[in-house]
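Single-letter residue listing:
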Amino acid sequence: MPVRINGAKDFYYSLKREIDELYWSIAIRNFGAGLVGIFIPIYIYLYTQSVPAVFLFYLAQFAGHALLVPLAARLLPYWGVKKMMAAANPFLAAYLILIALADTFGIAAIIWAVAAKIIYLALYLPAEDIDFARFASEGHRGRQIGNINIIASTANTIAPMVGGFTIAAFGFLPIFTASGILMALSSVPLFFSPEVYETYTLSWKQSFTRLFARRNRRDTMVFFLKGVEETAGIAFWPLFIFIVIGELRTIGSVTSVSLLAVLFFTYFIGRMSDHKGERKVIGLASFVHGLAWIINTFITTPMQYLVYSSFLGLAGTANRLPFMSLIFKKARQRGDGIDEYLSGYEIGVELGLVTTLAVSVLLWQIGITSWLVYFGMAAVAAAGFRLIKEE
């Protein structure tokens, strides 16, 4: 059963089935992602023996996603939100399996993997955002996001440990294949819910120029900062931990244990966002989150990794959860359409990711290899979440 902390009374009856199905899909997908998530950049690093190559690997994905978001959004009135999410997951499965085949087929497998990931991102992320923004109840959006994160965290809690031990014992191919199968299976629950259709009205050019309209500039800046901060979790953090700790079983086990603390804290922050208001929570959490990124640059032992990464997880949850709750609220309140606003959000985040990765490649190439510089960028960006405003 999906997690139902306060029972059916906390959700509109008309939305209960939708939330259940979304929860099931997320639970399956996130367990699959947790098996390999922290290990993908490590695998690319081991394959290329180059930190900038890892940055370029992700840069290509996010640049491609940014360019395809407006085109993929055009499919919404034909496929619907759920079918787009379901269609995306096999591409994520292909991405994982192709990466693991790089040892056999070389760089061609990685290039095809990047292409598959771009298609997945373009189809899945905007559709998922639209689905949740439409069906999360107005008074309990923060709590419902919290419930989703609790399910994701429950699956993720044991997944990194399983992934680390499996890789150490059998290599990357079996666990990447298992993860890919789970990604494909996560589409199944989505076929049991009524379809939702949106009509995306912006052209490809308008999707980008709209970001810089006077009304949208502040939000675009915050979306960009969200992308800068995400870069640290996606690319910087796994590489740093592998270089410092070096042992995959230890990395997986400590990651699993640190996620336990985040699990229960997520629900607490969801309730606080509903009762205190998102901006009040973000106001304090954004600075603590930024500080946590700086502190984590001083990790040198597995015990420090456990303590500091747990702190980072708690601070990140306190900052990101109300931030996303507010994004969904703004999407519902905007008169120009949920899909237009959330597609703009995705493009803005990708621009932040691409810019940060491009700058990081240049910095590393000229000899700036102190992780304090890279986590410092994430710290400033995390503190900038507080710039988001209500409508």
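Up top you'll find the structure we're talking about.
Residues numbered from 1 in each chain as written. Predicted model: local features only at pLDDT ≥ 70, side-chain atom pairs only at ≥ 80, totals over all residues. Heavy atoms only, no water.

It is not clear to me how the overall build of the protein should be interpreted in this structure. Could you clarify?
Of regular secondary structure, the protein possesses 16 helices and zero strands. Of all 391 residues assigned to the protein, the portion counted as buried reaches 59%. Contacts in the protein between residues far apart in sequence, at least 24 positions, make up 85% of those at least 6 positions apart. Accessible area for the protein stands at about 15,300 Å²; split by element, carbon and sulfur atoms hold 69% of it. (Helix = DSSP H or I, 4+ residues; strand = E, 2+ residues; numbered from the N terminus. Buried < 20%, exposed > 50% of the residue type's maximum accessible area, 1.4 Å probe, protein only. Contact = heavy atoms within 4.5 Å. Areas by Shrake-Rupley, 256 points an atom, 1.4 Å probe, with all protein chains shown as cover.)

Please explain the nonpolar core as it appears in this structure.
For soluble globular proteins, the rule of thumb is that nonpolar side chains tend to be buried together. Counting residues in each nonpolar core, the largest one holds 105 residues, and the members touching the most others are Tyr95 and Ile251. Here the element with the most residues in this core is helix α7 (residues 107-135); it accounts for 16 residues. The residues touching Ile251, leaving out its near neighbours within four places in the chain, are Ile38, Phe39, Ile42, Ile241, Phe242, Ile245, Gly246 and Tyr305. (Core = buried A, V, L, I, M, F, W, Y, C linked by side-chain atoms within 4.5 Å.)

Can you help me understand a positive patch on the surface in this one?
On the surface, a cluster of positive charge is contributed by Arg218, Arg279, Arg386 and Lys389. Position of Arg279 relative to the elements: it lies in helix α13 (residues 278-295). Owing to a relative accessible area of 35%, Arg279 belongs among the partly exposed residues under this scheme. (Patch = residues over 30% accessible without salt bridge, like charges linked within 9 Å, V, L, I, M, F, W, Y side chains within 5 Å. Salt bridge = Lys/Arg side-chain N within 4 Å of Asp/Glu carboxyl O. Lys, Arg positive; Asp, Glu negative; His and termini not counted. Charge placed at Lys NZ, Arg CZ, Asp CG, Glu CD.)

Help me out: how do you make sense of helix α2 (residues 40-48) in this one?
Three or four residues apart is the spacing at which side chains of an α-helix point the same way, because the helix has 3.6 residues per turn. For α2, every residue scored as buried is listed here: Ile40, Pro41, Ile42, Tyr43, Ile44 and Tyr45. Positive phi shows up at Gln49, right after α2, with a value of about 55 degrees.

How should I be thinking about the environment of Ala381 in this particular structure?
Within the element layout of this structure, Ala381 appears in helix α16 (residues 371-383). Assessed through its relative accessible area of 2%, Ala381 is described here as buried. Distance in space between the C-alpha atoms of Ala381 and Leu225 is 4.8 Å, their sequence separation being 156 residues. In contact with Ala381, not counting residues within four places along its chain, are Leu225, Val228 and Glu229.

Just to check I follow, could you spell out the environment of Leu121 for this structure?
Turning to its location among the elements, Leu121 is positioned in helix α7. Sequence separation between Leu121 and Leu68 is 53 residues; the distance between their C-alpha atoms is 8.9 Å. Once you skip the residues sitting within four places of it in the chain, Leu121 turns out to touch Gln61, Phe62, His65 and Pro126.

So what exactly am I meant to see when it comes to empty space enclosed by the protein here?
Remark: the empty space left among the atoms is shown by a probe the size of a water molecule rolled over them. This model, assessed by the stated rule, comprises two cavities of 30 Å³ or more. In terms of lining, the second largest cavity is formed by Arg210, Leu211, Asn216, Asp219, Thr220, Phe223, Arg334, Tyr341, Gly344 and Tyr345. Contributing elements (two or more residues each) for the lining of the second largest cavity: α11 (217-245) and α15 (338-365). Across the lining of the second largest cavity, the residue classes break down as four nonpolar, three polar and three charged. (1 Å grid on protein atoms, 1.4 Å probe; cavity = no way out; pocket = protein on both sides within 12 Å on 5 of 7 lines; lining within 4 Å. Points joined across faces, edges and corners; volume = space filled by probe spheres on them. Nonpolar A, V, L, I, M, F, W, Y, C, P; charged D, E, K, R; others polar.)

Explain the pattern of salt bridges here, please?
Two side chains that carry opposite charge are able to pair once their charged atoms sit near each other. Across all of its chains, the model carries six salt bridges by this definition. Ionic pairing is found between Arg320 and Glu229, a salt bridge with its closest N-O pair at 2.7 Å. Of the two residues, Arg320 sits in helix α14 (residues 302-333) while Glu229 sits in helix α11, which places them 91 residues apart along the sequence. When its relative accessible area of 1% is taken as the criterion, Glu229 is described as buried. Among the ionic pairs, Glu278 bridges to Lys329, the shortest N-O distance being 3.1 Å. Of this pair, Glu278 sits in helix α13 while Lys329 sits in helix α14, and the two are 51 residues apart along the sequence. The class for Glu278 is buried, based on a relative accessible area of 4%.

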